[in-house]
Structure formats: C-alpha cells, structure tokens
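# Report on the structure
Here is what each chain is made of, one letter per residue.
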Amino acid sequence: MVKVRIFVEGATRGPDSKNLQVALREAFAKLLIEGRSSRSPKFIPAGSRGNAYKLFNTAHAYSDAGEFVALLVDSEEAVADIEKTWLHLKARDGWNKPKGANDEQVLLMTTCMETWIVSDRDALRKYYGSTLQENALPPLHDMESRTRHTIQDALAHATRDCKNAFEKGKHSFAVLKQLRPAELRKHLPSFVRCERVLKAQLS
C-alpha cells in the first residue's frame, strides 16, 4: 500500500496558524478525496510556494520505495501543457526537477486556488449569500487561461460587500471546503488531472 504525502502551499504562519493548518487539511481532503477513496493522503501545509518546493525536495530525496510524495501549488501562470508540470515550473520559477521525480508528483492549481473557488458559482452563492456580486466574476469558459490577478481581483470585488468578504487564509479554506468536485471538473482540466493522479496512487 502506497503512503501518500502532499506538500501544499499555504497556512503556516500567523497567530491562527494551527487552526488554518487544520482547515487546509480538511478542505483539500474533502475536495480531492472524500467519497472517492477509503484512504486519504497526508496533506502537509508548507507555507510559501518556495518553501513547499524545498520541503518536497527533501521529502522526495529521503522517501521510501513505497511512498508517493507530491507538491500541490499554484501554477501562478497559465500552463502550456498540464501534463508537463516540471517544464512549467522550470520556465516560470527556475525550479529543477529532483533526480528521480516525475511530472505526476506536481499537482497544479491553475492558475491559483482562487480559480478553483470562482469555478463553483453555486457554492459561492451559498457561502456569501445575496450580497455576492456574481456579475463581477469572470465567465466560466477558459478559466485556466486567466491570470491569477484577474481571478483574485474579481473575487475580492464580488465579495467586498459581504460580511465575510474573501481573504486568503481566513476564508479561503472555508470556501474551498464547500466546492463540488463535479462542478470543478466541468471547467478545470488541471483539477481533473489532480483527481486522476491521486486516484491512481490511492487505489
């Protein structure tokens, strides 16, 4: 049985860091695993994107033969080929693929986690209520080609009058936990890929 560890960008600093770490683990487990496997990977909050890469490198170097170590980060920019993840990270960040690593060990949120969030409009309506300005959100076609700034600014604008206006960390994992995988599959090829990779490792 393969042991799965995933180093996830986000949630390690600040006065509420412990609660955010729990929220991160719960949100990603529910969104990516719940109902699709009796097993669950260990989601490890890694802080900054760069720190997630460093922790992944170390874990990969010392991983056992029966262990799958993965990196889950924002792509930050559109991805030319979602199956060639290390090529994207090398071009975008200058990150080298560790010896023995493969493309399936990188799971990208393209272009950012907020892209996943804005792709489920029903979940947003339920979470934010009637003060959500849905018309401020981008159209659902070609979501993964939109810049992270476009997505993040649109989400901030759409929720600015809500009492629980969107904030990274504070509300992001709570919203993420409400998302429906079936809805994300309609719009996000990289999300479909994440599910496929994890299913193969957990089956």
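So, here's what we can say about the structure. (Residues numbered from 1 in each chain as written. Predicted model: local features only at pLDDT ≥ 70, side-chain atom pairs only at ≥ 80, totals over all residues. Heavy atoms only, no water.)

### Remarks on the packing of helix H2 (residues 49-61) against helix H3 (residues 85-93)
Axis separation between H2 and H3 bottoms out at 14 Å; the angle between their running directions is 130°. Our classification of the angle between H2 and H3 gives oblique. Where H2 crosses over H3, the two elements pack in a sense that is left-handed. Counting all contacts with H2, which are made through Arg 49, Tyr 53 and Phe 56, the residues of H3 involved are Trp 86, Leu 89, Arg 92 and Asp 93. Of the residues belonging to the contact of H2 with H3, the class tally is 4 nonpolar, no polar and 3 charged. (Axes fitted to C-alpha atoms, helices over the stretch in contact; angles between N-to-C directions. Helix = DSSP H or I, 4+ residues; strand = E, 2+ residues; numbered from the N terminus. Parallel < 35°, antiparallel > 145°, perpendicular 65-115°, else oblique. Left-handed = near helix turned anticlockwise from the far one by under 90°. Contact = heavy atoms within 4.5 Å. Nonpolar A, V, L, I, M, F, W, Y, C, P; charged D, E, K, R; others polar.)

### So, the packing of aromatic side chains
As enumerated under the stated definition, the model contains 7 aromatic pairs in all. Taken together, a centroid distance of 5.1 Å and an interplanar angle of 85° make the contact between Trp 116 and Phe 191 edge-to-face. With Trp 116 in helix H4 (residues 113-118) and Phe 191 in helix H9 (residues 189-202), this pair connects stretches of sequence that are 75 residues apart. Judged by its relative accessible area of 0%, Phe 191 falls in the buried class. Here a set of aromatic residues connected by ring pairs shows up, and it is made of Phe 28, Phe 43, Trp 116 and Phe 191. (Phe/Tyr/Trp six-rings, centres within 6.5 Å; stacked < 30°, edge-to-face > 60°. Buried < 20%, exposed > 50% of the residue type's maximum accessible area, 1.4 Å probe, protein only.)

### Topic: the sheet that holds strand S4 (residues 106-109)
The strand order across the open sheet built from 4 strands is S2-S1-S3-S4, with neighbouring strands paired in parallel fashion. A single partner strand is all that each edge strand has here, and the edge strands are strand S2 (42-45) and S4. Taking the axes of each pair of neighbouring strands and ignoring which way they run, one obtains an average angle of 25° across the sheet. In the sheet, strand S1 (residues 3-8) pairs with S2 via 4 bridges, with the strands oriented parallel. In the sheet register, Phe 7 faces S2, and the bridge partner there is Ile 44. In the packing of H2 onto the sheet, contacts are made with S1 and strand S3 (67-74), and the angle to S3 comes to roughly 170°. (Pairing = 2+ DSSP bridges.)

### Thoughts on the pattern of salt bridges
Here the structure, examined in full by the defined rule, presents 20 salt bridges. Between Asp 120 and Arg 180 there is a salt bridge; the shortest N-O distance is 2.7 Å. Separated by 60 residues along the polypeptide, Asp 120 in the loop between H4 and helix H5 (121-128) and Arg 180 in the loop between helix H7 (172-176) and helix H8 (181-187) bring together distant segments of the chain. What emerges from the salt-bridge pattern is a single network uniting Asp 120, Asp 122, Arg 125, Lys 126, Glu 134, Arg 180, Glu 183 and Lys 186. (Salt bridge = Lys/Arg side-chain N within 4 Å of Asp/Glu carboxyl O.)

### A look at the nonpolar core
By size, the foremost hydrophobic cluster in this structure holds 45 residues, and its most contacted members are Ile 6, Phe 28, Leu 32, Trp 116, Ile 117 and Leu 176. Each residue touching Leu 176, except ones within four places of it in the same chain, is listed here: Ala 27, Phe 28, Leu 31, Met 113, Trp 116 and Ile 117. Ranked by size, the runner-up nonpolar core spans 17 residues in total, among them Tyr 53, Phe 56, Ala 59 and Trp 86. (Core = buried A, V, L, I, M, F, W, Y, C linked by side-chain atoms within 4.5 Å.)

### Quick notes on the environment of Phe 166
For Phe 166, the location among the structural elements is in the loop between helix H6 (148-158) and H7. Judged by its relative accessible area of 13%, Phe 166 falls in the buried class. Through-space distance from the C-alpha of Phe 166 to that of Arg 193 is 26 Å; in sequence the pair is 27 residues apart.

### What to know about the pairing of S1
With 5 of 6 residues buried, S1 is to be regarded as a mostly interior element. Across 6 bridges, S1 lies against S3 in parallel orientation. Counterpart to Arg 5 in the pairing with S3 is Val 69.

Geometric values such as these leave the question of function open.
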